[in-house]
Amino acid sequence: MSAAHDIRIFDDPQRLFQGAAEEFASQATAAVRSRGRFTVALSGGSTPRSLYSLLAQNRSLPWDKIYFFFGDERHVPPDSPESNYRMVRESLLSKVPSPAANVFRIPAENPEASEAAKAYEQTLRQFFNMPAKEFPRFDLVLLGMGPDGHTASLFPGTSALQEGSRWVVSNWVDKFKTDRITLTLPVLNNAAVVMFLVSGQDKASPLKHVIEGKESGELYPSKLIQLVDGELIWMVDRAAAAQLAPAA
Ligand code: 6PG
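A quick note: this is a predicted structure, and the numbers were derived from the prediction, not measured.

## Side note on the environment of Gln-226
Turning to step 1, where the next piece is worked out: Positionally, Gln-226 belongs in the loop between helix H6 (204–212) and strand E9 (231–237).
Turning to step 2, where the next piece is worked out: By relative accessible area, which is 48% here, Gln-226 ends up partly exposed.
Turning to step 3, where the next piece is worked out: For the pair Gln-226 and Leu-185, spaced 41 residues apart in sequence, the C-alpha separation works out to 8.9 Å.

## Some remarks on the packing of aromatic side chains
Turning to step 1, where the next piece is worked out: With the rule as written, the count across this model stands at 13 aromatic pairs.
Turning to step 2, where the next piece is worked out: Ring centres of Tyr-67 and Phe-127 lie 5.3 Å apart, and the angle between their planes is 50°; this geometry places the pair in the tilted category. Highlighted residues: Tyr-67 in strand E3 (residues 66–70) and Phe-127 in helix H4 (residues 113–128), separated in sequence by 60 residues.
Turning to step 3, where the next piece is worked out: Given the relative accessible area of 18%, Phe-127 is considered buried.
Turning to step 4, where the next piece is worked out: Site record: aromatic cluster; members linked through ring pairs are Tyr-67, Phe-69, Phe-104, Phe-127, Phe-128 and Phe-138.
Turning to step 5, where the next piece is worked out: Between the NZ or CZ atom of Arg-105 and the centre of the ring of Tyr-85, over which it lies, the distance is 5.6 Å.
Turning to step 6, where the next piece is worked out: The residue whose ring lies beneath Arg-125 is Trp-167, and the NZ or CZ to ring-centre distance is 4.1 Å.

## With respect to the sheet that holds strand E6 (residues 168–173)
Turning to step 1, where the next piece is worked out: Here three strands make up an open sheet; going across it, the order is E4-E7-E6 and the pairing antiparallel. Each edge of the open sheet carries a strand with a single partner, namely strand E4 (72–74) and E6. Between one strand and the next, the sheet's axes are offset by a mean angle of 25°, whatever the strand orientation.
Turning to step 2, where the next piece is worked out: In terms of strand pairing, E6 meets strand E7 (residues 178–183) through six bridges, oriented antiparallel. The residue bridging Asn-171 from the neighbouring strand is Arg-180, located in E7.

## Description of the packing of helix H1 (residues 13–35) against helix H2 (residues 48–55)
Turning to step 1, where the next piece is worked out: Where H1 meets H2, the closest approach of the two axes is 9 Å, and the angle between their N-to-C directions is 55°. Between H1 and H2, the angle is such that the two are oblique. H1 and H2 meet at a crossing whose hand is right-handed. Across the interface between the two elements, Gln-14, Phe-17, Gln-18, Ala-20, Ala-21 and Phe-24 of H1 pack against Ser-50, Leu-51, Leu-54 and Leu-55 of H2.

## Here we look at the site of the ligand
Turning to step 1, where the next piece is worked out: As a matter of local geometry, the ligand sits amid 15 residues, with Ser-46, Thr-47, Asp-72, Ala-152 and Lys-203 nearest to it.
Turning to step 2, where the next piece is worked out: A distance of 2.6 Å is found between an oxygen atom of the ligand and a backbone nitrogen or oxygen belonging to Ser-46.
Turning to step 3, where the next piece is worked out: Here Arg-74 contributes a side-chain N or O atom positioned 2.7 Å from an oxygen atom of the ligand.
Turning to step 4, where the next piece is worked out: In isolation the ligand exposes 410 Å². Once the protein is present, 90% of that is buried.
Turning to step 5, where the next piece is worked out: In this structure, the ligand is accommodated by the largest pocket.
Turning to step 6, where the next piece is worked out: Counted by class, the shell around the ligand contains two nonpolar, nine polar and four charged residues.

Cut-off values and rules
Residues numbered from 1 in each chain as written. Predicted model: local features only at pLDDT ≥ 70, side-chain atom pairs only at ≥ 80, totals over all residues. Heavy atoms only, no water. Helix = DSSP H or I, 4+ residues; strand = E, 2+ residues; numbered from the N terminus. Buried < 20%, exposed > 50% of the residue type's maximum accessible area, 1.4 Å probe, protein only. Phe/Tyr/Trp six-rings, centres within 6.5 Å; stacked < 30°, edge-to-face > 60°. Lys NZ or Arg CZ within 6 Å of the ring centre and 35° of its normal. Pairing = 2+ DSSP bridges. Axes fitted to C-alpha atoms, helices over the stretch in contact; angles between N-to-C directions. Parallel < 35°, antiparallel > 145°, perpendicular 65-115°, else oblique. Left-handed = near helix turned anticlockwise from the far one by under 90°. Contact = heavy atoms within 4.5 Å. Near = heavy atom within 4 Å. Polar contact = N/O pair within 3.5 Å; in protein donor to acceptor, adjacent residues only side chain to side chain. Areas by Shrake-Rupley, 256 points an atom, 1.4 Å probe, with all protein chains shown as cover. 1 Å grid on protein atoms, 1.4 Å probe; cavity = no way out; pocket = protein on both sides within 12 Å on 5 of 7 lines; lining within 4 Å. Sits in = over half its atoms within 2 Å of the grid points. Nonpolar A, V, L, I, M, F, W, Y, C, P; charged D, E, K, R; others polar.

Rendered as structure tokens:
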């Protein structure tokens, strides 16, 4: 990445999650004030659980005007311990007055991951009501970054990295011997704001490659998050930022 980045380094994970919760609340409040709604695609994994738990304590957010989507999902039922939806339901949705109609889960219980992807794309097309050739514009996309530089379910060397027209695809991840369902790069890169949340020393090396490295995005897919017309914010803790060059 050559463009200057908005990299916010927090001393420890707690301050990172607090900062991310404040940014989320600020984005949500501004969006609802100006457009009457806030559309957010949530990330999965384990890091964001602490952020979602903090958000669940915020009683002043306009929960009835926030619309929740998912950036990706494992190919499992919603009650599986692996399910991103289950993690979000347990840490956030079960604790806030968010109408069920405002939550759009990826139907990953479908035995055919490609069918789940098609169904989710239809759900998105109905909600965003876009012309066929355009991509939806989420107000906010939360993303994490794996130790291999993947984000959402866009893993190194996988076919989803090449997708240029569909909004949602299934993606075979050979190292896990499983399918995933994921939003595609054109959708992610069309967001108004993407906020990465990266914590821990195991992310220091991939983060350096993503932010400063010259390798291709095929190797470090988080590098492929390059917004068309939006704001990319890296929210990282000091452990994850340990190998980054000192800010100029
Ligand atoms: C998932 C996530 C995935 C996650 C990264 C980082 O389904 O696992 O969507 O992209 O963000 O794997 O996960 P952690 O931040 O928990 O390490």
